Amino acid sequence: YSPPPQYGSPSIPTGAAEPLTGSGGDFNGVKGEVQGKKFNDLPFAIAFLAQLVVMLVFLVTYTGSGGNNGQQADGTSYDYTGVAFAVCVCGVFALGMSTLALGFMMKFSHQLVKAALFFSIGLSLAVGIMGLLSGQVLMGVMGLVSFALGCCYAYFVWGRIPFAAANLNTALSAVKANMGLAGVAYFFLFVALGWSVWWSVAAGGAMNDMGSGILFLFLVSYYWTHQVIQNTVHVTTAGTIGTWWFVPDEASSCCSSALKDSFVRATTFSFGSICFGSLLVAIVQALRTLQHILRDNDDFNFLVCIIDCILGCIEAIIEYLNKFAYVYVGLYGYSYLEAGKNVITLFQNKGWTTIITDDLAENVLFMMSVGIGLVTGLVGLIISSIDKDIFAGIGYDDAGGVGFVLGFLVGYVLASILMSVVGSAVNTCIVCFAEAPAEFEANHPQLSSEMRAAWRSAWPVECANY
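How each quantity is defined
Residues numbered from 1 in each chain as written. Predicted model: local features only at pLDDT ≥ 70, side-chain atom pairs only at ≥ 80, totals over all residues. Heavy atoms only, no water. Helix = DSSP H or I, 4+ residues; strand = E, 2+ residues; numbered from the N terminus. Buried < 20%, exposed > 50% of the residue type's maximum accessible area, 1.4 Å probe, protein only. Contact = heavy atoms within 4.5 Å. 1 Å grid on protein atoms, 1.4 Å probe; cavity = no way out; pocket = protein on both sides within 12 Å on 5 of 7 lines; lining within 4 Å. Points joined across faces, edges and corners; volume = space filled by probe spheres on them. Nonpolar A, V, L, I, M, F, W, Y, C, P; charged D, E, K, R; others polar. pLDDT = per-residue confidence, 0-100. Salt bridge = Lys/Arg side-chain N within 4 Å of Asp/Glu carboxyl O. Expected span 1.5 Å × (residues − 1). Arc of directions from axis to C-beta. Patch = residues over 30% accessible without salt bridge, like charges linked within 9 Å, V, L, I, M, F, W, Y side chains within 5 Å. Areas by Shrake-Rupley, 256 points an atom, 1.4 Å probe, with all protein chains shown as cover. Polar contact = N/O pair within 3.5 Å; in protein donor to acceptor, adjacent residues only side chain to side chain. Phe/Tyr/Trp six-rings, centres within 6.5 Å; stacked < 30°, edge-to-face > 60°.

Caption draft 1: Spatial organisation of the overall build of the protein chain. When helices and strands are tallied, the protein chain shows 16 helices and zero strands. The 466 residues of the protein chain split such that 47% are buried. Counting only contacts in the protein chain whose residues sit at least 6 apart along the sequence, the fraction spanning at least 24 positions is 80%.

Caption draft 2: Inspection of empty space enclosed by the protein at higher detail. For the coordinates displayed, the defined rule picks out one cavity of 30 Å³ or more. The volume enclosed by the largest cavity comes to roughly 150 Å³. If you trace the largest cavity, you find 17 residues lining it, with Asp 358, Asp 359, Ala 361, Val 426 and Ile 430 closest to the centre. For the lining of the largest cavity, the elements supplying multiple residues, two or more each, are helix 6 (161-177), helix 11 (301-332), helix 13 (360-386) and helix 14 (399-435). By residue class, the composition of the lining of the largest cavity is 10 nonpolar, three polar and four charged.

Caption draft 3: A look at the confidence of the model for the protein chain. Looking at the protein chain as a whole, the pLDDT averages 82, with 85% of positions reaching at least 70. The secondary-structure element of the protein chain with the lowest mean pLDDT is helix 1 (residues 5-8), recorded at 37, while helix 9 (residues 257-267) shows the highest, at 94. pLDDT under 50 marks residues 1-25. Its contacts with residues more than four places away, or in other chains, come to 52 contacts. The model gives residues 66-75 a pLDDT under 50, and that stretch makes six contacts with residues more than four places away or in other chains.

Caption draft 4: The arrangement of the pattern of salt bridges in detail. Following the criterion strictly, the structure yields four salt bridges and no others. Between Arg 288 and Glu 315 there is a salt bridge whose closest N-O contact spans 3.0 Å. Of the two residues, Arg 288 is situated in helix 10 (residues 271-294) and Glu 315 in helix 11; the sequence distance between them amounts to 27 residues. Given a relative accessible area of 11%, Glu 315 falls into the buried group. With a shortest N-O distance of 3.4 Å, Arg 452 and Glu 441 are connected by a salt bridge. Placement of the pair is Arg 452 in helix 16 (residues 445-458) and Glu 441 in helix 15 (residues 437-443), with a sequence separation of 11 residues.

Caption draft 5: Examining the layout of surface pockets more closely. Estimated volume of the largest pocket: approximately 1300 Å³. Along its surface, the largest pocket is lined by 39 residues, and Gln 227, Gln 230, Glu 319, Ser 416 and Ser 420 are the ones closest to its centre. Of the residues that constitute the lining of the largest pocket, the class distribution is 19 nonpolar, 15 polar and five charged. Here the second largest pocket defines a volume of roughly 280 Å³. Of all elements in the fold, only helix 3 (81-107), helix 7 (180-210) and helix 14 reach the threshold of two or more residues within the lining of the second largest pocket. In terms of residues, the lining of the second largest pocket owes the most to one element, helix 3, which gives five residues. Taken together, the residues of the lining of the second largest pocket sort by class into 12 nonpolar, one polar and no charged.

Caption draft 6: Fine view of helix 5 (residues 137-157). In this model helix 5 runs 30 Å from its N-terminal to its C-terminal C-alpha over 21 residues, within 8% of the 30 Å that 1.5 Å per residue would give. Listing the buried residues of helix 5 in full gives Gly 140, Gly 143, Gly 150, Ala 154 and Val 157. The buried residues of helix 5 occupy an angular sector of 125° when the element is viewed end-on, so they sit on one face. Opposite its buried face, helix 5 presents the exposed residues Val 137, Leu 138, Met 142, Leu 149, Tyr 155 and Phe 156, each directed more than 90 degrees away.

Caption draft 7: Molecular detail of a nonpolar patch on the surface. Among the surface-exposed residues, Leu 132, Val 137, Val 141, Leu 144, Val 145 and Leu 149 lie close enough to one another that they form a single nonpolar patch of about 500 Å² accessible area. Summarising the element assignment, Leu 149 is placed in helix 5.

Caption draft 8: Layout of the side chain of Asn 322. Of note, Asn 322 is situated in helix 11. There is a polar contact of 2.4 Å between the side chain of Asn 322 and the side chain of Tyr 336. For Asn 322, the residues in contact, after removing those within four places along its chain, are His 234, Gly 277, Val 281 and Tyr 336.

Caption draft 9: Main features of the packing of aromatic side chains. Going through the model one piece at a time under the given rule, you end up with 28 aromatic pairs. Judged by centre distance (6.4 Å) and plane angle (75°), the ring pair of Trp 245 and Phe 433 falls under edge-to-face. Here Trp 245 is found in helix 8 (residues 215-246), whereas its partner Phe 433 is found in helix 14, with 188 residues between them in sequence. On the basis of relative accessibility, which here comes to 0%, the residue Trp 245 falls in the buried class. By way of ring pairs, the aromatic residues Phe 163, Trp 244, Trp 245, Phe 433, Phe 440, Trp 455 and Trp 459 are connected into one cluster.

Right, dumping it as structure tokens:
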């Protein structure tokens, strides 16, 4: 991969802060440089592939050990034809809705950011009311507290709505120009589903023979693989959006050269870095799962809550760092630790450590995923109303309820996959805007004008030089 000269050459914008020192590699504190072709963090890639080999051995060993061939203990067999038909119809509908949603979000980005704020507040209020009505006092109190905090949050961030809308609009424009990213995301969705089935058979059979003492290792394997899948999409998106930012001619089609190159780098040279950061999150997630199992012991409830809080904070911090570190991995090919140190140094130099905590755009993506899920659920309800026996093969007589739930799940999952690509694009645009506003102005003048105005309005001190 040989990037264009302007893609990796460092340049210090006029008025930029003096670079900090002590970052990884030869980073100048202002803009990254494309690294040479080398396999970064190779031991972690080898370790990841090794655990897949072990899981493959378990899969081969225990496949078919149940011996029921899809039948229940009483000899009853299930027919999934109706489920498959409903899933296919709902899936096609959800894919179309998700694609159309990109244009809708671009046209009404400001209104959607506002609506997402109200949606988040309303959701907290609903949880609080439902908790109190159902007798779950703690859940009700937490929901009402969250509602109050949400109202305060909306009051303080209301002036930053144009800022979030500008970021979202730029990211949507980039994704729409490279819709092949959606194909990559959906491909990895099926990989993730296949891995879940694989893990269930392998881990279930192994623990039946060896006992539950190895549960933690199997949980790490499960979460590690899912994190690797998710972050591979993230790194591929970052590389593609970065090329669209700097060299739009190479990233303006469904299957552009930028998409292909970014995917190849993510699955080869940067794969070890993806495995490194993913392992850190996977270990914490596995520990949290074990902690949830301990909740059944009433003697340790207080201790378990403290541990859960600590692990939750650690997981949030690692995921927060990962989402920007992997942008640098995708853009320049840094190793995991170098990417993390370099991107944090970049934001410190800019004085943007507060700006990058803004998550208004993510609220919109979540709201759209839920909305598409609900509409797809109605499609499932219509299908089950037309054929009331469609789910009889799996033993459900209430076709309407099953159809709605199934449609909602299919719509929400597929929409979330595409929205996660948009979320990765938003993070990439923030990093690129910090590094190269001049290149953005030259290549995308209208979007640049909108972003500059919105950023200066929301953060007049931090963005005075933009």
